[in-house]
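Chain by chain, the residues run as shown.
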Amino acid sequence: CFYAPWCGHCKKLEPVWNEVGIEMKNMGSPVKVGKMDATSFSSIASEFGVRGYPTIKLLKGDLAYNYRGPRTKDDIIEFANRVAGPLIRPLPSQHMFEHVQKRHRVLFVYVGGESPLKEKYIEVASELIVYTYFFSASEDVLPEYVTLPELPAVVVFKDGTYFVYDEYEDGDLSSWINRERFQGYLNVDGFTLYELGDTGTICCLLGKSQCLLEVARDYRDHFHRDFQFGHMDGNDYINSLLMDDLTIPTVVVLNTSNQQYFLPDRHIENTEDMVQFINNILDGTAEAQGGDGLLQRIKRIIYDAKSTVVSVFKSSPLLGCFLFGLPLGVISIMCYGICTADTDGGVDEHEAAKKENGDRELTDEGSEEEQDEEKNGKYTELSDGELKQKDIMEKKKD
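Parameters at a glance
- Position numbers for residues start from 1 in each chain and track the written sequence from start to end.
- Where totals are concerned, whole chains, interfaces and linings use all residues; where local detail is concerned, this predicted model gives features only for residues with pLDDT of at least 70, and gives and counts side-chain atom pairs only at 80 or more.
- Remark: hydrogens and water are excluded; side-chain values derive from all non-hydrogen atoms of the structure.
- UniProt positions are given in the numbering used here, feature names are shortened, and annotations may be inferred rather than shown by experiment.
- Lines fitted to C-alpha atoms define the axes, with helix axes restricted to the stretch in contact, and inter-axis angles between N-to-C directions lie between 0 and 180 degrees.
- We count a stretch as a helix when DSSP gives it H or I for four or more residues in a row; a strand needs E for two or more, and each element gets its number in order from the N terminus.
- Here roughly perpendicular refers to angles of 65 to 115 degrees, roughly parallel to angles under 35, roughly antiparallel to angles over 145, and oblique to all remaining angles.
- The crossing is said to be left-handed when, going from far helix to near helix, the turn is anticlockwise and less than a right angle, and right-handed when the turn is clockwise.
- By the convention used here, residues are in contact when the closest approach between their heavy atoms is within 4.5 Å.
- Throughout this entry, Asp, Glu, Lys and Arg are counted as charged residues, while Ala, Val, Leu, Ile, Met, Phe, Trp, Tyr, Cys and Pro are counted as nonpolar. The remaining residues, Gly among them, count as polar.
- When the centres of two rings from Phe, Tyr and Trp lie within 6.5 Å, Trp using its six-membered ring, the rings pair. Their planes under 30 degrees apart give stacked, over 60 give edge-to-face, and anything left gives tilted.
- For a lysine, the NZ atom is tested; for an arginine, the CZ atom; a charge sits over a ring if that atom is within 6 Å of the ring centre and within 35 degrees of the ring normal.

As recorded in an unreviewed UniProt entry, the chain goes by Protein disulfide-isomerase TMX3 and comes from Buteo japonicus. UniProt's Catalytic activity (unreviewed entry) comment on the chain is quoted here verbatim: "Catalyzes the rearrangement of -S-S- bonds in proteins." Per its UniProt entry, the chain bears the Function (unreviewed entry) comment "Probable disulfide isomerase, which participates in the folding of proteins containing disulfide bonds. May act as a dithiol oxidase. Acts as a regulator of endoplasmic reticulum-mitochondria contact sites via its ability to regulate redox signals."

Okay, structure coming up:
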């Protein structure tokens, strides 16, 4: 298990992981359970392609198998035992076949001897062993109701019946197994929907409806290559996935390969309405919504941000006020300070300019007074001269 000390999901997994280690040791399993701090050994984590935390991998020879299931003790142990054991498990008797069939809801069996089909079966098993078991048996081990058109053959047992792989109709064996590893009608949750995304098929979801179950059972030959049917309890997950507000019961068809979804344009009342709706999707007349385009990605960013803010305030109003109120308060104070500083500066500059103009006026006035004094001085000097000249003229007369 690759983990990070600060990761909340890793801390939640830690007690479960310790229980897995103890259980595997008590069982005498050859699988060794350990963990590594990916932040301290980043080069090793990069070598194994670790992109998120926690990441659970089982190392077997030169191969590393990723675990993508629920993070519970039983599911992790079942994954470890399945991957660590034989790639193809033989079923030597009818009793063993019946025992295994009771334990597994979906059962893949190769029937026949050595052939190119068996080599392909082994190759697919090495890739998909992380999801399901693979078995082999002879024809006489199978139940009496099983009729095979030819040997060798690959058969899947599920939903109380069986289906035989046909290379001409079903295409690539890997794609067929990846599609058939699910039951015909599922109780869909987040992990199941994530796994369905790997198949590239279209998944039909709703609250619960008997007509959808009938379509999954009675129209398998028509739709099983394109659709996976099931129901989801509640609408919170599907609403967050589609960024929509769907009520229950509602039929929604989701294309897991491009995130498009389809909603019926009228209420579905019976099986015929459901079949018509699905046929409209196949022939392209139904309107597609959503998708993975640029606008939808921007909408996803906005929706996730809004959802995060709302969830924080719902879970802890005080924490929400601190996380979002404090930064907004700091920004508001900064903006107020900037605006106030600009205003005061403008007032000061205006007052300084006004004072300077006043000084200039005073200086100009002072100059005028000096000029008046000079004129008065001149007038005084002229008057004294005239008086002296007068005195001289008077003395000459005398």
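Helix packing for two helices is described by the angle between their axes and how far apart those axes are. At a closest axis distance of 9 Å, the pairing of helix α1 (residues 8-27) and helix α3 (residues 73-84) adopts a crossing angle of 45°. Regarding the angle of α1 to α3, the classification is oblique. The way α1 lies across α3 gives a crossing that is right-handed. Residues Leu-13, Val-16, Trp-17, Glu-19, Val-20, Glu-23, Met-24 and Met-27 of α1 lie in contact with α3, whose contacting residues are Lys-73, Ile-76, Ile-77, Ala-80 and Asn-81. Here the contact of α1 with α3 is built from residues that sort into 9 nonpolar, 1 polar and 3 charged.

The next point concerns the packing of aromatic side chains. In total, this model carries 15 aromatic pairs according to the counting rule given. For the ring pair Trp-6 and Tyr-53, a centre distance of 5.8 Å and an interplane angle of 90° mean the geometry is edge-to-face. Of this pair, Trp-6 sits in the loop between β1 (2-3) and α1 while Tyr-53 sits in the loop between α2 (42-47) and β3 (57-60), placing them 47 residues apart in sequence. Among the aromatic side chains, those forming a connected cluster through ring pairs are Phe-108, Tyr-110, Tyr-121, Phe-134, Tyr-165 and Trp-176. One cation-aromatic arrangement involves Lys-35 over Tyr-3; the distance from NZ or CZ to the ring centre is 5.7 Å. Seen from the ring of Phe-163, Arg-220 lies directly overhead, with NZ or CZ sitting 3.4 Å from the centre.

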